[in-house]
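Overview (structure and organization)
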Amino acid sequence: GAMMSSSKAAVSRGESGFTLIDMLFVIALIGLLSTLAIPGLMRARGAAQSASALGSMKVINSAQLSFAITCGVGFYSPELQTLGVKPPAAIEAFLPPEMTTTPTFIKSGYNFSLAGVGIPGAPASCNGLPAGAASSGYALVADPLDTNPPARYFGTNADATIFEDAASFWATMPETGAPPSGAPIK
């Protein structure tokens, strides 16, 4: 019995493994590396969200142009919902449902809003927009949900030029022409 207990003690002293100091060192190293990597990941995420917002704005500009040419008799949709209504004999609507079920939509960290002022003499559209509701232009804005600097705000209109600014275009984007602030994206 005495022989057996001494051999167990010898075996347990010879086993290798992590000590508390080793574990603390590894945790500190992981913390340091993540501290260095997180700002880069946040910048990459912000750049990806901005690129997605620009792509969505181009899609909406194309949908508005298609609507004006094929269904709006030269006039634009004053809201996103109209662009989600399929014209007669068409295969699809101008925009997919995820962009047209509500007056605004959120996609890839941006809130998108579209507005246009109806023209009393505008004809009815082929997809159900009543007479006098279509507009001669539109204002589309995309505001980031995360406004930590450097937040990028985007706006566009019937001219299809996309502008960028450090503040929202919500109150300043005209239906046509350049806004009072911001720079066009090339």
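The preceding data block contains the structure.
Figured I'd write up the structure that's included with this text. Numbering of residues starts from 1 in each chain and follows the order in which that chain's sequence is written. For a predicted model such as this one, the threshold for reporting local features is a pLDDT of at least 70, and the threshold for listing and counting side-chain atom pairs is 80 or more; totals across whole chains, interfaces and linings nevertheless cover every residue. Only hydrogens and water are removed before side-chain values are computed, so all heavy atoms of the structure are retained for them.

**Details of the nonpolar core**
Selection rule: By nonpolar core is meant a set of buried Ala, Val, Leu, Ile, Met, Phe, Trp, Tyr and Cys residues that side-chain atoms within 4.5 Å join together. Relative accessibility thresholds used throughout: buried, under 20% of the residue-type maximum; exposed, over 50%; partly exposed, between the two (1.4 Å probe, protein chains only). Going along the chain from the N terminus, every DSSP run of H or I of four or more residues is numbered as a helix, and every run of E of two or more is numbered as a strand.
Judged by nonpolar contacts, the single largest core of 27 residues is most densely connected at Met57, Ile60, Leu95, Phe112 and Phe154. Contributions of two or more residues to this core are made by helix H2 (20-70), helix H3 (80-83), strand S2 (110-115) and strand S3 (139-144). Ranked by the residues each element gives to this core, the list is headed by H2, at 7 residues.

**A few points about the state of the cysteines**
To keep things clear, this is the line we draw: Disulfides are defined as pairs of cysteine sulfur atoms found within 2.5 Å of each other.
Taken as a whole and assessed by the stated rule, the structure comprises 1 disulfide. The disulfide partner of Cys71 is Cys126, and the S-S distance across this bridge is 2.0 Å. Taking the torsion about the S-S bond as the criterion, the Cys71 to Cys126 disulfide, at about -120 degrees, is left-handed. Here Cys126 lies in the loop between S2 and S3 and Cys71 lies in the loop between H2 and H3, a separation of 55 residues in the sequence. Taking relative accessible area as the criterion, Cys71 reaches 2% and is therefore assigned buried.

**A short note on the environment of Thr100**
Rules: Only heavy atoms matter for contacts: two residues are in contact if any of them lie within 4.5 Å across the pair. Definition of a polar contact: a pair of N or O atoms within 3.5 Å, with one able to donate and the other able to accept a hydrogen when the atoms are protein atoms, and with sequence-neighbouring residues admitted only if both atoms are side-chain atoms.
Checked against the element boundaries, Thr100 lands in the loop between H3 and strand S1 (104-107). A relative accessible area of 9% means that Thr100 is categorised as buried. Taking C-alpha positions, Thr100 is 24 Å from Pro120, a pair spaced 20 residues apart along the chain. Excluding its chain neighbours within four sequence positions, the residues that come into contact with Thr100 are Leu80, Gln81, Leu83, Gly84 and Leu95. A distance of 3.2 Å separates the side chain of Thr100 from the backbone oxygen of Pro96, its partner in a polar contact.

**Looking at the pattern of salt bridges**
Stated formally: For this analysis, a salt bridge means a side-chain nitrogen from Lys or Arg found within 4 Å of a carboxyl oxygen belonging to Asp or Glu.
Tallied over the entire structure, the rule returns 2 salt bridges. Of the charged contacts, one joins Arg45 and Asp146 as a salt bridge, the two residues approaching to 3.5 Å between their closest N and O atoms. Of this pair, Arg45 sits in helix H2 while Asp146 sits in the loop between S3 and strand S4 (153-157); the two residues are 101 residues apart in sequence, bridging distant segments of the chain. On the basis of relative accessible area, Asp146 is assigned to the partly exposed category, the value being 33%. Of the charged contacts in the structure, one is a salt bridge between Glu164 and Arg152, with a shortest N-O distance of 2.6 Å. Taken together, the residues span a long stretch of sequence, with Glu164 in strand S5 (residues 163-165) and Arg152 in the loop between S3 and S4 at a distance of 12 residues. Judged by relative accessible area, Arg152 falls into the partly exposed class, the value being 28%.

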